[in-house]
Amino acid sequence: MRKKYPSRQRAAYILIDALSAWTAYTALYSFRKAIIETQSLSEATFYFSNQRYWLGSLLVVSFWLALHYLTGFYKDAFRRSRIRDLTNTLATSLAGSIVLFFALILDDFVATYRDYYSSFGFYFLCQFGFTGLGRTVITSIAAHRIKNRIIGFPTLMVGSNSNAVELYNDLESQSKSVGFQFVGFVSVNNNVRFLMERNLQHLGEYTEINKIIDSMEIEEVIIAIETREHDKLERILNILKSNSHLRIHVIPDTYDIISGQVRLESFGAPLVEIKQELLPIWQKVAKRLMDIALSFILLLLLSPLLIFCAAMVKFTSTGNILFLQERIGLNGRKFNILKFRSMFIDAESNGPQLSSKNDHRITAWGKFMRKYRLDELPQFLNVLAGDMSIVGPRPERAFYIEKIKEKAPHYVHLQKVKPGITSWGMVKFGYAENVDEMVQRLKYDIIYIENMNMINDLKILIYTVLIVLQGRGK
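Residues numbered from 1 in each chain as written. Predicted model: local features only at pLDDT ≥ 70, side-chain atom pairs only at ≥ 80, totals over all residues. Heavy atoms only, no water.

Colleague: Just give me the short version of the packing of aromatic side chains, but keep the residues and values in it.
Modeller: For the coordinates displayed, the defined rule picks out 19 aromatic pairs. Note on Phe-180 and Phe-182: the rings are 6.3 Å apart at their centroids and 45° apart in plane angle, and the pair reads as tilted. The burial state of Phe-180 is the same as that of Phe-182; both residues are buried. Taken together, Tyr-25, Tyr-29, Tyr-53 and Trp-54 form an aromatic cluster joined through their ring pairs. Sitting over the ring of Phe-153, Arg-79 keeps its end group 4.1 Å from the ring centre. Sitting over the ring of Tyr-13, Arg-80 keeps its end group 5.9 Å from the ring centre. (Phe/Tyr/Trp six-rings, centres within 6.5 Å; stacked < 30°, edge-to-face > 60°. Buried < 20%, exposed > 50% of the residue type's maximum accessible area, 1.4 Å probe, protein only. Lys NZ or Arg CZ within 6 Å of the ring centre and 35° of its normal.)

Here it is, written out as structure tokens:
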């Protein structure tokens, strides 16, 4: 699908949402003036020419567009379900109407509380009705075009034999398309002949998949490998995970179907979608706002402690107060992590080394700081700069990442999120002294990534505070 189509579709949703929000507000304004305040129609119409009405319109429309954006409605403009959209619109309209009710209506003068309830009910019905109707029309038009194969999503098949052929035939034989527009297939094993060649072009092996995805502008990937090829599945997924825009589907086994992972809309050609999005947009925004607010407050409150630590580093050993080291962050981006220096200068003159319990390179004051994790405090500046989050997997150096990936290729999943000052791996395992311990800690960070939410972040923060107060760092 060309990029202009999703952009146009997204613009259509934004336009209809803006018009719906303005119409609902105008309807409420007229209702309040004509019904609640019992003004004549001409008097009520006069108010539309004043600045208060238009300022209110601007604020209300902006509020609704921001709310719809935070709930992730505009993220995927074409892959939508009308029933699910209506359900989400109902929930969003109710929540947003309650907020606006308290912000705009509650302070207005009314004769009885019944006027409050009627105003709220009228506004909620208008907001939901106009928005839901407009969205349903747009979604229905898009669904019609997809089902009739007028538009589709460039799709790559991973697999070359019976499973891939059977799935391809199932999808192509359906009278109504689900949007897959196959451009070719990649093979897993380097066979001489591929059954899939009768239907699709062979584009290469799975090891070349990222290059193929970029050159063919692939949006969907379906993994339909044979049972004997399942040893390659993890490797394939690790390669694909670097493309966050992809929608990845796999053929389910019996357990997937029984456990409910196969969605209703998959009937006819059951597929399990592997979710790439770890957090909804509103949680991403909330997490970032919490990072900024908490980092700023802690840096302010702990400024005397920061000054004291800096002075102690300066007066107890030679060298800079702060220690900067290149680490790998979100999507493999490099940044310099900040710490209070806890080692003597030239501690790594012989190459990269991990610290150990009785490391002679650590200064006396450095040992104290590490015990209570005071050396990590400057990293709140990294958080404010956007390189790190307060909670997230600890960032590593490129040198050790390559060594970890040799034993655990799934380490690449950790680069899907911002690294953190503290993590579930740090809480449950602590600092690692060698690569094997890094790999052991990795499983806790993978668990965190698969269960990311604000509640778990709060839990990790509480555990971290307890560890610091008890001096269980090293």
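So, next bit.
Colleague: Which residues make up the packing of helix 10 (residues 281-301) against helix 11 (residues 303-316), and what values go with them?
Modeller: As a packed pair, helix 10 and helix 11 sit with axes 4 Å apart at the nearest point and diverge in direction by 65°. On helix 11, the residues that touch Leu-298, Leu-299, Leu-300 and Leu-301 of helix 10 are Ser-303, Pro-304 and Leu-306. A class-by-class count of the residues in the contact of helix 10 with helix 11 yields six nonpolar, one polar and no charged. (Axes fitted to C-alpha atoms, helices over the stretch in contact; angles between N-to-C directions. Helix = DSSP H or I, 4+ residues; strand = E, 2+ residues; numbered from the N terminus. Contact = heavy atoms within 4.5 Å. Nonpolar A, V, L, I, M, F, W, Y, C, P; charged D, E, K, R; others polar.)

Colleague: Report on the nonpolar core, specifying residues and quantitative values.
Modeller: The tendency in soluble globular proteins is for nonpolar side chains to be buried side by side. Counting residues in each nonpolar core, the largest one holds 40 residues, and the members touching the most others are Phe-340, Met-369 and Tyr-448. Per element, the largest residue contribution to this core is six residues, and it comes from helix 16 (residues 435-450). If near-sequence neighbours (up to four positions away) are discounted, Phe-340 is found in contact with Leu-306, Cys-309, Ala-310, Val-313, Ile-321, Leu-322, Met-369, Leu-374, Asp-375, Leu-377 and Pro-378. The next biggest cluster of nonpolar side chains, apart from the first, holds 20 residues, and it includes Ile-209, Leu-240, Ile-248 and Val-250. (Core = buried A, V, L, I, M, F, W, Y, C linked by side-chain atoms within 4.5 Å.)

Colleague: Lay out helix 12 (residues 364-371) with the relevant residues and their values.
Modeller: Within helix 12, the full set of buried residues consists of Trp-365, Gly-366, Met-369 and Arg-370. What you see down the axis of helix 12 is that its buried residues fit within an arc of 135°, all on one side. Those residues of helix 12 that are buried lie in contact with helix 11 and strand 8 (334-340). (Arc of directions from axis to C-beta.)

Colleague: So what's going on with the pattern of salt bridges? Which residues, and what values?
Modeller: As enumerated under the stated definition, the model contains 15 salt bridges in all. Across the pair Asp-17 and Arg-135 runs a salt bridge, and its minimum N-O distance is 2.9 Å. Taken together, the residues span a long stretch of sequence, with Asp-17 in helix 1 (residues 4-36) and Arg-135 in helix 5 (residues 113-147) at a distance of 118 residues. For the pair Asp-17 and Arg-135, one class covers both residues: buried. A salt bridge links Glu-402 to Lys-405, with the shortest nitrogen-to-oxygen separation between them at 3.9 Å. Taken together, the positions of Glu-402 and Lys-405, both in helix 14 (residues 398-407) and three residues apart, correspond to about one turn of that helix. (Salt bridge = Lys/Arg side-chain N within 4 Å of Asp/Glu carboxyl O.)

Colleague: How would you summarise unusual backbone geometry if you had to cite specific residues and measurements?
Modeller: Even without being a glycine, Glu-217 presents a positive backbone phi close to 55°. Structurally, Glu-217 is set in the loop between helix 7 (209-216) and strand 4 (220-223). One non-glycine residue, Asn-331, lies in the positive phi region at around 55°. With respect to the helices and strands, the residue Asn-331 is situated in the loop between strand 7 (322-328) and strand 8.

Colleague: Account for the sheet that holds strand 4, with residues named and values stated.
Modeller: Strand order in this open sheet of six strands is 3-2-1-4-5-6, and the pairing throughout is mixed. The open sheet has two edge strands with one neighbour each: strand 3 (202-205) and strand 6 (272-274). Between one strand axis and the next, the sheet turns by 30° as a mean value, whatever way the strands run. As paired strands, strand 2 (residues 180-187) and strand 3 are joined by three bridges and run parallel to one another. Looking at strand 3, one finds that Ser-187 is bridged to Glu-205. Packed on one face of the sheet, helix 7 meets strand 1 (153-158), strand 2, strand 3 and strand 4 and runs near 160° to strand 1. On the sheet, helix 8 (residues 233-240) packs against strand 1, strand 4, strand 5 (247-250) and strand 6 and is oriented at approximately 175° with respect to strand 4. (Pairing = 2+ DSSP bridges.)

Colleague: An account of the environment of Thr-227 is requested, with residue identities and associated values reported.
Modeller: Looking at where Thr-227 falls in the secondary structure, it is placed in the loop between strand 4 and helix 8. On the basis of relative accessibility, which here comes to 66%, the residue Thr-227 falls in the exposed class.

Colleague: Go over the packing of helix 14 against helix 16, please, and point to the residues and values.
Modeller: Interhelical geometry of helix 14 versus helix 16 gives an angle of 70° and a closest axis separation of 10 Å. Classified by the interaxial angle, the pair formed by helix 14 and helix 16 is roughly perpendicular. Seen from above, helix 14 lies across helix 16 with right-handed handedness. Contacts between helix 14 and helix 16 involve Tyr-400, Lys-403, Ile-404 and Lys-407 from the former and Val-435, Asp-436, Met-438 and Val-439 from the latter. (Parallel < 35°, antiparallel > 145°, perpendicular 65-115°, else oblique. Left-handed = near helix turned anticlockwise from the far one by under 90°.)

Colleague: Tell me about the side chain of Ser-187, and please be specific about residues and values.
Modeller: Along the chain, the position of Ser-187 falls in strand 2. When its relative accessible area of 0% is taken as the criterion, Ser-187 is described as buried. Beyond its immediate chain neighbours, meaning those up to four positions away, Ser-187 contacts Ser-160, Phe-194, His-202, Gly-204, Glu-205 and Tyr-206.

Colleague: Mind laying out helix 7, listing which residues take part and the relevant values?
Modeller: Turning to helix 7, its buried residues number three or more, namely Ile-209, Ile-212 and Ile-213. Mapping the buried residues of helix 7 onto a view down its axis gives an arc of 100°, with all of them on the same face. Opposite the buried face of helix 7, by more than 90 degrees, sit the exposed residues Lys-211, Asp-214 and Ser-215. Looking at the buried side of helix 7, the elements it contacts are strand 1, strand 2, strand 3, strand 4 and helix 8.

Honestly, that's just the spatial picture; any functional story needs more than this.
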